[in-house]
Each structure stands twice: as C-alpha cells, then as structure tokens.
Amino acid sequence: MIKATKKLMQFVELLVTVMFAVSVILVVAQVIWRYLLNDPITWTNQISRALFCWMTYLGIPILFNRNILMSFDLVQDSIKGAANIWLKIAFRVLGLFFCICWFIFGLELCVKSVGLVFPGIAIPKNALYGAQIVCCVLLFVVQVSQIFELLGRLKEFGNGKETDK
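Since we're looking at a predicted model, the values are computed, not measured.

Caption draft 1: Broad picture of the packing of aromatic side chains. For the structure on display, the rule yields two aromatic pairs. Judged by centre distance (5.6 Å) and plane angle (45 degrees), the ring pair of Phe98 and Trp102 falls under tilted. One end of the pair, Phe98, and the other, Trp102, are both in helix H4 (residues 82-112), four residues apart, so they sit about a helical turn from each other. For Phe98, a relative accessible area of 48% gives the class partly exposed.

What follows is the structure, encoded as structure tokens:
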C-alpha cells in the first residue's frame, strides 16, 4: 500500500505540474491578447482560476505525503519513544475523520450544484467543486498509508531495531 501511494502521489505531483504550466501559458496568453492586441480572451481567466483551485486542493495531499505541514512540534517532539509514534497515529486517525466529514460536505455541494455552469466556458460548477472530493480521497489514502508506515515503525520499535526519531 505504501509503494502504491507513493506512485499515486508522484502522478498527482506531475498532474499539478502540468496544470501549473497550462495555467501560466493561459495567463501569458491573456496578457498578450489583452494588452498587446487589445482583444481580451475571457475564458482564459476562468480556466486559470479553475486550475488554481484544483492545484490548491491537489496540493493538500502532496503536503501531507511529504510531511511538510505546519504544526506544533513542541508537544510532539517532547514525547519520546513509542508514545510519539502513537501520537502521530492518533493525529492521522483524527485526519481520517476530518476527511470523511469533508468528503460528505463536498459531495453535498457537488450534488447541489448539478446543472449549474460557469458562464463563458460552459463547464459544470460541480467539476470545480469535485476537486474537494478528489482531495479528500487522496488525503484519506495518504493518511491510511502513513498509519501503516507508523505501525511498521512501532513494530520495529517494539523489537528493539529502531531508536527514537
């Protein structure tokens, strides 16, 4: 599961990179058409906004996967040994609960927005709101994978193979 999650997250990172490149190209094209040719293209702005939202939501599981989150390390670092690993597992379990709640509310938003489209580009609004659902699923997978990884470290710690980290 851990290897599959790493492969999945590598794909998500590549996808975000492509989205970023497309967004930059669209914004540059918009600037050229608006200020140099005096003929603005309206849909580029809307597409780049939608891509920005998707990149933001897909970035959340990437950050969790890389363990580069803002947190209060003072408490976590003051606890040593197996208790530290159990604390990290507890945080991941709370994160899973948050993912489930966020998924439910995001799904409700998508269902409520069925039939609504963005003016100018004719893309359904729930295609944008669906980014929350995809984020929740990816975040859930990442946290479950991290729980398995932490349980493996806990098992190694119990066998005396690992020191405090």
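Caption draft 2: Molecular detail of the nonpolar core. Counting residues in hydrophobic clusters, the biggest one holds 14 residues, and the most contacted among them are Met9, Val12, Val16, Met19, Trp54, Leu58 and Ile62. With residues near it in sequence (within four places) discarded, Val16 still touches Met55, Leu58 and Ile62.

Caption draft 3: Structural context of the packing of helix H1 (residues 2-36) against helix H2 (residues 42-66). Interaxial distance between H1 and H2 falls to 9 Å at its minimum, and their mutual angle equals 155 degrees. Between H1 and H2, the angle falls in the class roughly antiparallel. Crossing geometry of H1 relative to H2 is assigned as left-handed. Across the contact of H1 with H2, the residue classes tally to 17 nonpolar, seven polar and two charged.

Caption draft 4: Up close: the state of the cysteines. Enumeration according to the criterion identifies zero disulfides in this entry. For Cys101, which is in no disulfide, the shortest distance to another cysteine sulfur is to Cys99 and amounts to 9.5 Å. Since its relative accessible area comes to 26%, Cys101 is described here as partly exposed. Cysteine Cys135 shares no disulfide, and the gap to the nearest cysteine sulfur, in Cys136, comes to 5.4 Å.

Caption draft 5: Just H4, in detail. In a regular helix each residue adds 1.5 Å, so 31 residues correspond to 45 Å; H4 covers 45 Å between its end C-alpha atoms and thus fits that length. Regarding H4, the residues found buried are Asn84, Ile85, Leu87, Lys88, Ile89, Arg92, Gly95, Leu96, Cys99, Trp102, Gly106 and Cys110.

Caption draft 6: Summary view of the pattern of salt bridges. A full pass over the atoms with the stated rule returns one salt bridge. In this structure, Arg66 and Glu13 form a salt bridge, with 2.8 Å as the shortest nitrogen-oxygen distance. Residue Arg66 is found in helix H2, and its partner Glu13 is found in helix H1; the two are separated by 53 residues along the sequence. Note on Arg66: relative accessible area 46%, which makes it partly exposed.

Thresholds applied
Residues numbered from 1 in each chain as written. Predicted model: local features only at pLDDT ≥ 70, side-chain atom pairs only at ≥ 80, totals over all residues. Heavy atoms only, no water. Phe/Tyr/Trp six-rings, centres within 6.5 Å; stacked < 30°, edge-to-face > 60°. Helix = DSSP H or I, 4+ residues; strand = E, 2+ residues; numbered from the N terminus. Buried < 20%, exposed > 50% of the residue type's maximum accessible area, 1.4 Å probe, protein only. Core = buried A, V, L, I, M, F, W, Y, C linked by side-chain atoms within 4.5 Å. Contact = heavy atoms within 4.5 Å. Axes fitted to C-alpha atoms, helices over the stretch in contact; angles between N-to-C directions. Parallel < 35°, antiparallel > 145°, perpendicular 65-115°, else oblique. Left-handed = near helix turned anticlockwise from the far one by under 90°. Nonpolar A, V, L, I, M, F, W, Y, C, P; charged D, E, K, R; others polar. Disulfide = S-S within 2.5 Å. Expected span 1.5 Å × (residues − 1). Salt bridge = Lys/Arg side-chain N within 4 Å of Asp/Glu carboxyl O.

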